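A structural walkthrough
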Amino acid sequence: MPALKEGSKAPAFSLTADDGKTVKLSDFKGQRVILFFYPRANTPGCTQESCDFRDEIAAFKKRKAVVLGVSRDTPEAQAKFKEKYELPFPLLSDPDHAVHEAYGAWGEKVMYGKKIIGAIRSTAIIGADGKIEKVFPKVKVAGHAQAVLDLIA
């Protein structure tokens, strides 16, 4: 899968959210979308990243940006994660990792010294015009939400 190119059209998607409803990229036409991919709900890095986006949600809204989290967790697991940490944005379930793949968030990574295939923590900023503005291909959790916010200021 070739990496997403900035300026290219964002891949369309339709996924089940934590509330059981279907969420499509087209639902946010005319809005900037922050689409962040995380490996697994309720793990330390994913919790920190999600809470960092939560803590900055007012600033994202002020900049007219919608935040969406995506992982392979079930909608039920996403709902529990969302409730536990009071996450004020939709968490989307991508069990077959097709959307992960479309956004370059699936592939080989090293975990505990072993190479595995899995979800790669990454973020795509999709402009109001539906085009990719910026891709963060291998995210380090610390300071990431702030870096995204600074970029869209």
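Residues numbered from 1 in each chain as written. Predicted model: local features only at pLDDT ≥ 70, side-chain atom pairs only at ≥ 80, totals over all residues. Heavy atoms only, no water.

1. Focus: the pattern of salt bridges
Where charged atoms from two side chains of opposite charge come close, those side chains can pair. We count it as follows: The salt bridge definition used is simple: a Lys or Arg side-chain nitrogen within 4 Å of an Asp or Glu carboxyl oxygen. Strands are runs of DSSP state E lasting at least two residues, helices are runs of H or I lasting at least four, and both sets are numbered from the N terminus onward. Accessibility here uses a 1.4 Å probe with only protein chains present; expressed as a share of the type maximum, an area under 20% marks a residue as buried, one over 50% as exposed, and anything in between as partly exposed.
Evaluation of the coordinates by the stated rule reveals 5 salt bridges. Residues Arg121 and Glu49 are paired through a salt bridge, measuring 2.8 Å at the closest nitrogen-oxygen approach. Residue Arg121 is located in the loop between β7 (114–119) and β8 (122–126), and its partner Glu49 is located in helix α1 (residues 44–55); the two are separated by 72 residues in the primary sequence. Both residues of the pair, Arg121 and Glu49, count as buried. When the shortest N-O distance is used, the salt bridge between Glu108 and Lys115 registers 3.8 Å.

2. Quick look at the side chain of Thr123
Here is the rule: Under the rule applied, a polar contact is a pair of N or O atoms within 3.5 Å (in protein, one hydrogen donor and one hydrogen acceptor; residues adjacent in sequence only if both atoms are side-chain atoms). Throughout, a contact is declared for two residues whenever any of their heavy atoms are within 4.5 Å.
Mapped onto the elements of the fold, Thr123 is located in strand β8. For Thr123, a relative accessible area of 2% puts it in the buried group. At 2.7 Å, the side chain of Thr123 forms a polar contact with the side chain of His144. Each residue touching Thr123, except ones within four places of it in the same chain, is listed here: Ile34, Leu35, Phe36, Glu49, Lys134, Val135, Phe136, Val139, His144 and Val148.

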